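Observations on the three-dimensional arrangement
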Amino acid sequence: MAIKTEPFLLNIGPQHPSTHGVFRMRATMDGEVIVDMEPVFGYLHRGIEKLAEERTYNGFVSLTDRLDYLSSMSNNFAYCMAVEKLAGIKVTERCEYIRVIMAELQRIASHLIAVGAFLNDCGAFMTPIVYMIREREKILDLFEMVSGQRLTYNYMRVGGLSQDIPEEFLPALDKFLEQMPRWIDEYDQLLRQNEVLLARSRGVGILPKETAINISASGPVLRASGVKWDIRKVDPYSVYDRFEFDIPTGACGDCYDRYRVRVEEMRQSLRILGQARKQLPGGEFQTPVVQPVHLPVGEVYGHIESTRGELGFYIVSDNSIAPYRCHIRAPSFLNLTALRDMVVGWKIADAILIFGSIDIVMGEIDR
Amino acid sequence: MIGLEHYLILAALLFSIGLYGALVKRNAVIILMCIEIMLNAVNIMLIAFSRFVVPAMLTGQVFAIFVIVVAAAEAAVGLAIIIAIYRNRQLIDISKINLMKW
Amino acid sequence: MALQISFWILAVVAVVAALAVVFLRNVFRAAFALIMSFLAIAGLYITLSADFLAVVQILVYVGAISILIILAVMLTRELHQGNPSNNLELPALIVVLLFLAAGVWIVLATNWKVSAVPPVAPTTSALAQALFGGGGFLLAVEISVVLLLAAVIGAIVLVREK
Amino acid sequence: MMLESYALSSIGSALKPLPADWPGGFWWHWLVFTIIAILFVLLMVLFFTYFERRAMGRLQARLGPNRCGPFGVIQPIMDAIKALTKEDIVPYNADKVVHWLAPAVAFVPVLLVFVVVPFSNGAMLADLNVGILFVVAISSLSALGIVMAGWGSNNKYSLISAMRAVAAVVSYEIPVVLSIASVVLLAGSMSLNDIVLAQNIPFILMQPLAFLIFFIGASAEINRSPFDLLEADSEIVAGFHTEYSGMKFALFYLVEYAEALLLSVLITTLFLSGWRGPLLPPWLWFLIKVVAVFFVLVWVRTTLPRARIDQLMALAWKFLFPLSVINLVITAIEVLAWPGGVPWPMLFVNIGIMAVLIVSWSRLFKFGWGRVKVEA
Amino acid sequence: MMPYQLFWGIFLLPLLSFVIIALFIRPFVKPESKVAGYITIAAILTSFALSVWGLITVLAAPGHEVAVPAISWAVIGDLRINVGIMVDALTVVMLVVVTGVSSMVQIYSQGYMQGDPGYHRYYAAMSLFTMSMLGLVLANNILFMFVFWELVGLCSYLLIGFWFHKPSAANAAKKAFLVTRLGDFGFLAGLLALYRAAGTFDISQLHAMAIAGTLGGAALTWAAIGLFAGAAGKSAQFPLHVWLPDAMEGPTPVSALIHAATMVAAGVFLVARMFPLFVGSPEALTTVATVGAITAIFAASMGLVMHDIKRVVAYSTISQLGYMMLGLGAAGIVVAHEGHVTLEVAKAATAIGMFHLFNHAFFKALLFLGAGSVNHATGTFDMRLMGGLRKVMPWTYTTFLLAALSLAGIWPLAGFWSKDEILLTALEARPALFVLAIITVFMTAFYIFRALFLTFSGEYRGGAVPEHGSTAHASHGAGHDAHGPAKPHESSKVMVVPLVLLAIPAVVSGFWNVTGGFSAFFGHGETRGFIEGLFEPLTHPLPWGALALALLGIFLAYAMYSKKWVSAEKIGSRFKPFYTLFYHKYWMDELYEGVIVKKTLVNGFFALLQKIDSKGVDGAVNGIARGAIAGGRSLRRAQTGQLQLYGLFIGIGILAIVIFVFMIG
Amino acid sequence: MTVSLSGLEIGKQLKERFPGAVVEANDQAVLVKSESLLDVARYLKDTTGLDFDYLAFLTAVDYYDYFELVYRLASLKHNHTMTLKTRCYGRENPVVPSVVKLWKGADFQERETFDLFGIKFEGHPNMKRIVLWDGFKGHPLRKDYLSDGN
Amino acid sequence: MKPEHYGIGIAKGLRVTIKHLFRHPVTVQYPEQKLHVSRRIRGNELVWDNVKCTGCATCSKACPIGAIQIATKIDKEKNKYDVDITVDTGYCIQCGLCVEACPYEAIYMGYSYEKAKYRRNEIIQSNDMLLPSETRIRSGYMSPGIAAQLPEQTLLLEKITEKEE
């Protein structure tokens, strides 16, 4: 029972509680129904791509932290991998494993926020996000332990890591791996079968498979639409080919599927973590050449499966100390393209939910 | 002492105000409001009669209940008509809705 | 005494609010004046010891009808044009005043047979008896139910999207 | 009890000369109970704001307010002081009169309702014989305040909120009144005190379905989560009170909690046998029950996500309304069958009926999501 | 001893199911779930059980009648309308027929309508129909009978036009509705005539008055003919039969229930119910018998040439209904001829027609359901595209065969017993009509076996062809497209079981009257002598003659369509004029459409009226009008179209009246 | 494992199909003329065996003389990728055809490229700035961009 | 997926939340109650060792932000190089690259994290303000020796362990 009025313009954001940053939707509304929507962003644009052209290869690592600030480790990872690919550096086994451990921990941390924020958008008053932030804090503790920071880790370097993991890290990780599955189960109990949540999210904001592909969506958004596409599987980088894990996919690409896919991915990440923990070898944590100054002329595209999708760095080098051009393929940015298609025709409440289910980070979109 | 006449005159006054509004106003919603005032005036009268003339029987109150029922129905249908007209013609100015003129 | 005071207060409020409905330019405020008037009338019912009806008045008129009217006001949004009058102001005023005069004259000229019996105290059960009891208005109640149903269906049909 | 009871038969008769048997005259009774009612409301609201934040904190693995005073108990007072000293902003181009009046219009009816609430046997301001109807009628008035606020703020979010308020209030009045009607049928009176007196078995057992409908419907009407669409902060920021600050905002805050209090009090009175209980004094029982009900509200709010407006309406019209009608019919039959009072074993039957109805109706209705075609 | 109030339940249960489905199930439940079907089936099966109980009760009751207390419904002035039900032999037999066939059909529909988007609507309409039919049967009051009569018509309209998105179905529904309405005018007229003459609507009072003779003469005759007109409309008797074949556009179970077993039989039932009135009027009886006989042969002849299996069965239905009418009329004539008619005798006389109705209901429903089953398998109704289904659909074939044999009147199946009674009565009453009837026997046997052989023997000819499927296939509903042209197969169990269950009464129901039990039941103990002894071996040549004729027809069909000894085409071309005549249904539709509606009404009568109007009336009017226009111009300014101005005038008017009254008073 | 298709092979195919369109084909990428970009892209997307249904990213590089546009295509079906390049000349008003009709994912990326490089995409439905505000002067990712907007 | 329409999901959720009522809250009351941070914490101030520093300006080059200014001049009186270091802490992003880059271990990340300033000019720090002191403890970032002396990090992971129900 929608109340129809004449169309009017509604600015959702940039100062709106659930736009996850400074994002704005210029929505044309008919009553509560959105008839047209235009995303407006750029409030956070810092020109990181331009900054990259003026920084050394290693000096830029700390700036990649600021891209997707909820998964800085993945950003570091992707950037370092791309540069190493260009420079032809082969990093040590131990380093690869630690990187994988960090990336997967980061994935869990980020998905916790994504899911929590999604449920919060759904109106579950703070509870899920508070619970999930608590779990995330545990992961952040681990990150703090290795890198000394809780948000912008700046942990990886071209050719390795900045430091080896401290000795108290592994016991803590074990403890985490032991606890976490039960917490995830508990969150599942909290809302997975909840009638209201089902009503709100199932069948809402469906992103069909074809559209998802055409729109270059990636990550959980793409997988929720039923496409089994995960860079870790289809183009295994680092040591991902040594782990057993599944790619969870959704049935139809609605908000509920995106939520479920994220939760399942957390479980899969735990599986990977368990295996990586077992296989973790000793040895050096970085290759002797730590500071590559002049990289060979050429171009490279290195991509990883970041928490939000395919995060890629396209780097063109001209043998100077800095990249000639560094393009960042930001998953949120491309996933956001799908927003208009998904939102139009739904109510404002659904729009918020759909937006939340895409899980964007403005730092990455605006760059 | 307040007697029957007071209430009746009050009712007449309210009725007249409502009638004036219904006759004069252009906004259909306002006209509907005025009609509600008229119905209320009638209700006051009915209840006053019930109270002063047949205090033991409450017949007037029974009729007032029916008036309220009719008023509710009238409000629902009237507003529905107004909204329907508004949707089609984007106006609720009753003097421009003169389709009764052949 | 209390009765008198309350009558006069309520009567004045009712009349002034009714006048406000007619003369206020802002439709939304007019709607609130209408609510004011309804509330005053509910008070008047209490002075007439019709407590049940007073509550029903609030429930139906204030709680439902006014809300619907406000909804219509918000939906149609012809607010800032306000509440204009048509060109019938003067003739209507004359007719209405004559009407009022006739009414008042009739009221004053008639010799009403006012009963001295005290009113029924709690009216609820008495009303129920009158409505549903033997020799009551059961048929009328049923008919009004049908009327309401028809109104509801009619309203739904009218407002429905194509 | 210190105060003896005096029941007004109606306000109509109250306007007649005062009876002589009240010590110190009739006005004392009014004065005392007015003060009690207002104090009760204000103190309980203050307590509730604290209690809700505290309980919600604990349910969310947090602490809640803990800075002001021991365990943060004077937090609400601090909040009040802060609200009072804040700048009062009226938005540009807003309808100023409406904007000013809205909080008052919302607040007064809620306060008024407590006139008929019995704190102990007969301890109430006015024992109206149309008590519960009075409650329903007056409490629906406070929606007007919300509509005024939404309208007067000159803010689109507020306007959406006002429209939602209109739709929700009009819809939810019906199941709520119908579920109350079945209670009234069982009690045989509309006076709240009589309803309490009629509850030898709490009506939550005799009328489980009515309780459920009332709980859902009334929490939707006072926009408690999961039906807090009017102030859905993740969607329409804060709805009707987006543009309010300072004291006016505090009044809305007060209204919100006073309504929650009202809901708790009504559930206590209608379904949990009010002030009745063994051992403890009645007013304590009353308070305990009220707080317990409020805790359930907080608990639910902490757990559930928010419904959407069309689902809210669908729930009212397709689920609660038919079920409340059915429940009313069943209750009427029971009352007809046992005119002297429904025997207690019927409570098992009623619980059974509730279970069957809910399960079967859920199947039929599916809460609105059964119809979404999801292509696997 | 169960209380007689239970009879109400028979009627109320389908009503309840209708209400539940219409108000709750249809809006809230997906059509995929079969809830509606279960509810309907449960309700009607219960009704059926109650009906059987009723039958037993009435059989046991003295006088074969049960008094059920009436309920006072409305008191309008002096007119007190009671709602009562009339339970006698006729009622209970009809009850059993209606609920029995209906329950079978509902079960069958559970399979047939599966997956249709209008599933719930279908069951709602079916429930409503069953309810109204039962109401019609139970009513003790001719006014209520009329109400239900119209309700039945409405349901028929709804169900024929069930697939209303198809123009042909919508048209057929309209046609059925309009044509039966023609008859209903007769009914209404008869009803009013009766009320005027007798002053009551109560059926038993009317009976008593008719028997006693207080009601008689021309009034009775016209009233009876009026009632018969209604019956003819509903039972598709000769001039009003055109709607029934078109009504086959509805779903097949609808055809089986409404257009074979129940609604069309309502006409016959009406005549039977009011039979004491007819007995008082030989003219009316002759009309009934003649129309019946003509309908019988007329429809049978058309049934000979149809390609659509459902239409063959439909024409067969018309023909059989003609038989029933003939039976009723003839029996009436015989009875009236003997003089001194008592109520019992009059009622016993209806037994002949009603017995055929009773038997016919089962085997005709069976035939329709069989046709539906075949359609389900092949996706078409066109017999030219079927063939060879005997092997793949053994159950359907067997039951269809039994029904066909029964229809053809083969000993000892049901049709044999009832048909020959009619023949004999006709012979006794009007030999001319007997000749028509006996020819029909041959035709019946031929056409039904033609259909049988075309459908079931020989080779499979492919089922629905996409191009052709536009008519036949489309009538099949949206849900079954998937297996239309594919290989035919036996229908699902839910469809076969009702077929088998129906086959049982189709075989055995005839034995009830072998020794006149049925007549005795109807006549409340009174039987007529002329039926007794009819079936004792070879005492009477007629049955066996008819049997031989029927066998001849079967053989001919066998020769032409199964073995192809005789070429059907050759015979067709030999009798080209007849074939064309039959195939075009005697151009009845064209006659109605072209001649009656267009020529007579539009060109003739209306044209004449127009001429009178334009010349005579207009001349006079125009003069006045011109004056009025001149006046209107001046007054026109008052008509602003502005509602409030009108309101003001009203106000002024009221004021004037008030002032006037108070000045005077 | 994602197969990176050699530019040489695809270049050969493209040369056959679109003579004159391919400027250069090396192991990494195929460089096509901007006029025939749309045809080539459509061919790459719709041909069975290639099925490049996924536009991984799109960006530009400023080489002073010309802008090089880089399209990284992938096929989810066959799990292979390739890089398609084109160049556009002129610094005042460089124009290339838009591929947004083929891959809707190009929508924001083309707008961003326009925003930061000043390359116009012909056929884009909503060609306006995306991350910078409308009145912004200059295109920051150009090599000759100075922060005062010249 | 099973049919989930009878409020079972809601009941499960309610169970989870009520369970938390009986668990310990995880938050700490910050100003009174403090946790130990990581030994490698990159606190929001740099600590400079004027003895080890040669003024080579490697840190300044490594800084991606350019927040470190190094100026050297010859102090003729004392006959040595004078190093002037100026760090704009407002710009500093605490990436730690300067510490990593320093060949002489002359610059450290700070251990403390509560160094908010009231005035803007206070955040630009130079020579003496950067020296280690009681309140300016060096962090163990990139220097395991210091790390070993710092207290062990408090982990939330160990602080609350769920009780087995």
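Residues numbered from 1 in each chain as written. Chains lettered and ligands numbered in written order. Predicted model: local features only at pLDDT ≥ 70, side-chain atom pairs only at ≥ 80, totals over all residues. Heavy atoms only, no water.

Helix and strand counts for chain A stand at 15 helices and eight strands. The 367 residues of chain A split such that 74% are buried. A separation threshold of at least 6 residues defines the contact pool for chain A, and within that pool the share at least 24 residues apart is 71%. For chain A, the exposed area adds up to about 9,300 Å²; of that, 55% sits on carbon and sulfur atoms. (Helix = DSSP H or I, 4+ residues; strand = E, 2+ residues; numbered from the N terminus. Buried < 20%, exposed > 50% of the residue type's maximum accessible area, 1.4 Å probe, protein only. Contact = heavy atoms within 4.5 Å. Areas by Shrake-Rupley, 256 points an atom, 1.4 Å probe, with all protein chains shown as cover.)

Strand pairing in a sheet relies on backbone hydrogen bonds, with the paired strands running either antiparallel or parallel. Residues and elements named next belong to chain G. If you trace the three strands from one edge of the open sheet to the other, you get β2-β3-β5, paired in antiparallel fashion. Among the strands making up the open sheet, the edge pair consists of β2 (68-75) and β5 (124-126). Adjacent strand axes in the sheet meet at a mean angle of 20°, parallel and antiparallel pairs treated alike. Bridging between strand β3 (residues 80-88) and β5 involves three bridges; their strand directions are antiparallel. By the bridge assignment, threonine 86 is partnered in β5 with serine 126. (Pairing = 2+ DSSP bridges. Axes fitted to C-alpha atoms, helices over the stretch in contact; angles between N-to-C directions.)

Moving on: the interface of chain C and chain D. Between chain C and chain D, the contact holds 27 residues from the first and 29 residues from the second. In terms of surface lost to chain D, no three residues of chain C exceed Leu59, Ile67 and Met74 of chain C, which account for 23% of the buried area on that side. For the interface between chain C and chain D, the tally reads zero salt bridges. Linking chain C with chain D are zero residue pairs in polar contact (both at pLDDT 80 or more), by the criterion used here. Elements supplying a minimum of two residues to the side of chain C that touches chain D: α1 (2-23), α2 (27-47), α3 (51-76) and α5 (123-132) of chain C. The biggest single contributor to the side of chain C that touches chain D is α3 of chain C, with 13 residues. Partitioned by chemical class, the residues of the side of chain C that touches chain D number 20 nonpolar, four polar and three charged. (Buried area = accessible area lost by both parts, 1.4 Å probe. Salt bridge = Lys/Arg side-chain N within 4 Å of Asp/Glu carboxyl O. Polar contact = N/O pair within 3.5 Å; in protein donor to acceptor, adjacent residues only side chain to side chain. Nonpolar A, V, L, I, M, F, W, Y, C, P; charged D, E, K, R; others polar.)

With that settled, consider the packing of helix α3 (residues 89-112) of chain E against helix α15 (residues 343-378) of chain E. Residues and elements named next belong to chain E. Axis separation between α3 and α15 bottoms out at 10 Å; the angle between their running directions is 5°. If you check the angle between α3 and α15, you find them roughly parallel. Mapping the contact onto sequence places Leu90, Val93, Met94, Val97, Val101, Val105, Tyr108, Gly111 and Tyr112 in α3 and Met354, Leu357, Phe358, Ala361, Phe362, Ala365, Leu369, Gly372, Ser373, Asn375 and His376 in α15. The residue inventory of the contact of α3 with α15, partitioned by class, reads 15 nonpolar, five polar and no charged. (Parallel < 35°, antiparallel > 145°, perpendicular 65-115°, else oblique.)

So, on to the confidence of the model for chain B. For any part of a model where pLDDT is low, the fine detail of the predicted coordinates should not be relied upon. Looking at chain B, pLDDT values average 82 and 90% of them are 70 or higher. The ipTM for the predicted assembly is 0.64, set against a pTM of 0.69. (pLDDT = per-residue confidence, 0-100.)

Next up on the list: the nonpolar core. Counting residues in each nonpolar core, the largest one holds 211 residues, and the members touching the most others are Ile142, Met274 and Phe278 of chain E. A total of 20 residues in this core trace back to one element, the largest contributor, which is α15 of chain E. Not counting the four nearest positions on each side in its chain, isoleucine 142 of chain E is found in contact with Phe187, Leu191, Leu194, Phe201, Ile203, Leu206, Leu227 and Met274 of chain E. Residues Met33 of chain B, Ala18 of chain C together with Val184 and Leu270 of chain D belong to the second largest nonpolar core, which totals 188 residues. (Core = buried A, V, L, I, M, F, W, Y, C linked by side-chain atoms within 4.5 Å.)

Counting from both sides, the interface comprises 80 residues of chain C and, opposite them, 71 residues of chain B. Counting each side, the surface lost to burial between chain C and chain B is near 6,800 Å², with a carbon and sulfur contribution of 79%. Inspection of the chain C/chain B interface yields zero salt bridges. Between chain C and chain B we count three residue pairs in polar contact (both at pLDDT 80 or more) in total. The biggest single contributor to the side of chain C that touches chain B is α3 of chain C, with 13 residues. Here the residues of the side of chain C that touches chain B sort into 61 nonpolar, 12 polar and seven charged.

So, on to the pattern of salt bridges. Pairs may arise between side chains of opposite charge once their charged atoms sit close together. Taken as a whole, this structure holds 52 salt bridges over all chains when the rule is applied. Two residues, aspartate 228 of chain D and arginine 306 of chain D, come together in a salt bridge whose shortest N-O distance is 2.9 Å. One end of the pair, aspartate 228 of chain D, is in the loop between α10 (208-221) and α11 (233-236); the other, arginine 306 of chain D, is in the loop between α13 (282-303) and α14 (309-337), with 78 residues separating them in the sequence. Summarising the burial analysis for this pair, aspartate 228 of chain D and arginine 306 of chain D share the class buried. The structure contains a network of salt bridges with shared partners spanning Glu104, Arg107, Arg223, Asp230, Arg232, Glu265 and Glu305 of chain A.

This next bit is on the sheet that holds strand β7 (residues 309-317) of chain A. All names here are of chain A. Spatially, the three strands line up as an open sheet ordered β6-β7-β8, and their pairing is antiparallel. Each end of this open sheet is capped by a strand with a single partner; those strands are β6 (298-306) and β8 (325-329). This sheet shows a mean twist of 10° between the axes of neighbouring strands, independent of strand direction. In this sheet, β8 lies alongside β7 in antiparallel orientation, the contact comprising five bridges. Bridge pairing links isoleucine 315 to cysteine 326 in β8.

Once that is clear, we can look at the environment of glycine 274 of chain D. Residues and elements named next belong to chain D. Tracing the backbone through its elements, the reader meets glycine 274 in the loop between α12 (246-271) and α13. You can call glycine 274 buried: its relative accessible area is 0%. For the pair glycine 274 and phenylalanine 119, spaced 155 residues apart in sequence, the C-alpha separation works out to 7.9 Å. Filtering out sequence-adjacent residues up to four positions away, glycine 274 remains in contact with Val196, Thr268, Thr269, Phe286 and Lys289.

An α-helical turn contains 3.6 residues, so any two residues separated by three or four positions project in the same direction. Residues and elements named next belong to chain E. Between its first and last C-alpha atoms helix α6 (residues 167-198) spans 45 Å; for 32 residues at 1.5 Å apiece the expected length is 46 Å, and the two agree. When the local axis directions of α6 are compared, the greatest deviation, roughly 30°, occurs at leucine 182. Immediately downstream of α6, the backbone of glycine 199 shows phi near 75°, a positive value. (Expected span 1.5 Å × (residues − 1). Bend = angle between axes of the 7 residues up to and from the residue.)

To continue, consider the side chain of arginine 450 of chain E. Tracing the backbone through its elements, the reader meets arginine 450 of chain E in helix α19 (residues 431-456). When residues no more than four places from it in sequence are discounted, the contact partners of arginine 450 of chain E are Gly303, Leu304, Val305, Met306, His307, Val312, Met383, Ala557 and Tyr561 of chain E.

Time to look at empty space enclosed by the protein. All names here are of chain D. Enumeration according to the criterion identifies 15 cavities of 30 Å³ or more in this entry. Empty space within the largest cavity amounts to approximately 250 Å³. Looking at the largest cavity, it is lined by 20 residues, and the ones nearest its centre are Ser139, Ala218, Glu221, Ile222 and Leu262. Broken down by secondary-structure element, the contributors of at least two residues to the lining of the largest cavity are α5 (131-139), α6 (142-152), α7 (156-187), α10 and α12. (1 Å grid on protein atoms, 1.4 Å probe; cavity = no way out; pocket = protein on both sides within 12 Å on 5 of 7 lines; lining within 4 Å. Points joined across faces, edges and corners; volume = space filled by probe spheres on them.)

Our next topic: unusual backbone geometry. Its identity is not glycine, yet asparagine 319 of chain A carries a phi of approximately 70°, on the positive side. Note on placement: asparagine 319 of chain A falls in the loop between β7 and β8. In this structure, aspartate 51 of chain F takes a positive phi of about 50° despite not being glycine. Mapped onto the fold, aspartate 51 of chain F is located in the loop between α2 (37-46) and β4 (54-62).

The final tally for this structure, using the stated rule, is 65 aromatic pairs over all chains. An angle of 75° between the planes, with centres 5.8 Å apart, marks the rings of phenylalanine 77 of chain A and tyrosine 237 of chain A as edge-to-face. With phenylalanine 77 of chain A in helix α3 (residues 72-87) and tyrosine 237 of chain A in the loop between α10 (231-234) and α11 (255-279), this residue pair connects regions lying 160 residues apart in the sequence. Judged by relative accessible area, which is 6%, tyrosine 237 of chain A ranks as buried. Centre to centre, the rings of phenylalanine 40 of chain D and phenylalanine 114 of chain D are 6.1 Å apart; their planes meet at 65°, and the pair counts as edge-to-face. Note that phenylalanine 40 of chain D is positioned in helix α2 (residues 26-59) and phenylalanine 114 of chain D in the loop between α4 (96-113) and α5, a separation of 74 residues in sequence. Of the residues examined, phenylalanine 114 of chain D reaches a relative accessible area of 0% and is grouped as buried. Stacked on the ring of tryptophan 183 of chain A, the Lys or Arg arginine 134 of chain A has its end atom at 4.3 Å from the ring centre. Lying across the ring of tyrosine 256 of chain A, arginine 202 of chain A places its NZ or CZ 5.3 Å from the centre. (Phe/Tyr/Trp six-rings, centres within 6.5 Å; stacked < 30°, edge-to-face > 60°. Lys NZ or Arg CZ within 6 Å of the ring centre and 35° of its normal.)

Turning next to the pairing of β2 of chain G. All names here are of chain G. Bridge count for β2 against β3 is eight bridges, and the pairing is antiparallel. Along β3, the bridge assignment pairs isoleucine 70 with isoleucine 85. Counting the residues that bridge the hairpin from β2 to β3 gives four residues, and of these asparagine 79 lies at a positive phi of roughly 60°.

Residue and element names in this part refer to chain A. Most of β6 is tucked away, with eight of its nine residues classed as buried. For β6 and β7, the ladder comprises nine bridges, and the chain directions are antiparallel. Residue pairing across strands places valine 300 opposite isoleucine 315, the latter belonging to β7. The antiparallel pairing of β6 with β7 creates a hairpin that spans two residues between the two strands.

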